Amino acid sequence: IDSDNSRSVELSELENRLKDNRHLQDYFKALELNATDTLTLFNLLDHDDSGTLSVEEFCEGCMRLKGEARAFDINCLIQENRNAGARLLRFTKHSKTKLEDLDRRLRDVCLAVSSLHRVASFSSQLVRPDSTAVAGGAAGRDWDPACWEQALGASDDVEPGRTQ
């Protein structure tokens, strides 16, 4: 089977040998092994997913698949299950990375909201409680520029509502 003497078998080598080599075809028939789907057969034999078959993989795989078509079908399901498991693992790792990034971003948003809350809390202390509603403002919630100047440390000689 190993046409290039590399001590391993690639898919193309297996395909070519199954077409040309009557002895290999008879070997698979004797094992009651369905070799019509070469790619599936190769993937079932390639237990370590290396893309090549070692002598051990080939022999052990053929013995594992020996028997009725049911054994072949079961091993197809096992291979598909392995592939699905690998895809699920990749998806899980990707999702974990994305969720960690989302967590970091949400923490940043929470910090920003917390900072805005502190500013709003400070600002509410600068509202004159006895003010009346003016131009769209609500009673008790209108801004008093004098309070801002006092809070910001403006000098006493500046008129309320004006800056230096």
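Calculation notes
Residues numbered from 1 in each chain as written. Predicted model: local features only at pLDDT ≥ 70, side-chain atom pairs only at ≥ 80, totals over all residues. Heavy atoms only, no water. Helix = DSSP H or I, 4+ residues; strand = E, 2+ residues; numbered from the N terminus. Buried < 20%, exposed > 50% of the residue type's maximum accessible area, 1.4 Å probe, protein only. Contact = heavy atoms within 4.5 Å. Areas by Shrake-Rupley, 256 points an atom, 1.4 Å probe, with all protein chains shown as cover. Core = buried A, V, L, I, M, F, W, Y, C linked by side-chain atoms within 4.5 Å. Arc of directions from axis to C-beta. pLDDT = per-residue confidence, 0-100. Patch = residues over 30% accessible without salt bridge, like charges linked within 9 Å, V, L, I, M, F, W, Y side chains within 5 Å. Salt bridge = Lys/Arg side-chain N within 4 Å of Asp/Glu carboxyl O.

**Side note on the overall build of the protein chain**
Here is step 1: Per the secondary structure count, the protein chain includes six helices and two strands.
Here is step 2: Listing each helix as α and each strand as β along the protein chain from the N terminus yields β-α-α-α-β-α-α-α.
Here is step 3: The buried share among the 164 residues of the protein chain stands at 23%.
Here is step 4: For the protein chain, the proportion of contacts with a sequence separation of at least 24, taken over those separated by at least 6, is 38%.
Here is step 5: For the protein chain, the exposed surface amounts to about 12100 Å²; the carbon and sulfur share of it is 55%.

**Digging into the nonpolar core**
Here is step 1: Within the largest apolar cluster, 18 residues are counted, with the highest numbers of intra-cluster contacts made by L14, F28, L33, L41 and F58.
Here is step 2: Counting residues per element, the ones that place at least two in this core are α1 (11-20), α2 (22-30), α3 (38-45), α4 (55-65) and α5 (69-124).
Here is step 3: Among the elements that line this core, the one with the most residues is α3, at four residues.

**Structural notes on α1**
Here is step 1: Among all positions in α1, only E13, L14 and L18 are buried. Down the axis of α1, the buried set is contained in an arc of 125°. They therefore lie on one face. Away from the buried face of α1 by more than 90 degrees, exposed residues K19 and D20 are located.
Here is step 2: On its buried face, α1 is in contact with β1 (8-10), α2, α3 and α4.

**Observations regarding the confidence of the model for the protein chain**
Here is step 1: On average, residues of the protein chain score 76 in pLDDT, and 71% of them are at 70 or above.
Here is step 2: Looking across the protein chain, the model is least confident in helix α6 (residues 145-152), with a mean pLDDT of 57, and most confident in strand β2 (residues 52-54), with 89.
Here is step 3: Below pLDDT 50 for its whole length, residues 131-140 participates in 14 contacts with residues either more than four positions away or in separate chains.
Here is step 4: Contacts for the low-pLDDT stretch residues 154-164, under 50 throughout, to residues beyond four places or in other chains number 13 contacts.

**Let's talk about the environment of L33**
Here is step 1: Relative to the elements of secondary structure, L33 occurs in the loop between α2 and α3.
Here is step 2: Considered as a pair, L33 and A71 are 38 residues apart in the sequence and their alpha carbons are 8.8 Å apart.

**Focus on a nonpolar patch on the surface**
Here is step 1: On the surface, L99, L102 and L106 cluster together into a nonpolar patch covering about 290 Å² of accessible area.
Here is step 2: With respect to the secondary-structure elements, L99 resides in helix α5.
Here is step 3: Classification of L99 as exposed rests on a relative accessible area of 55%.

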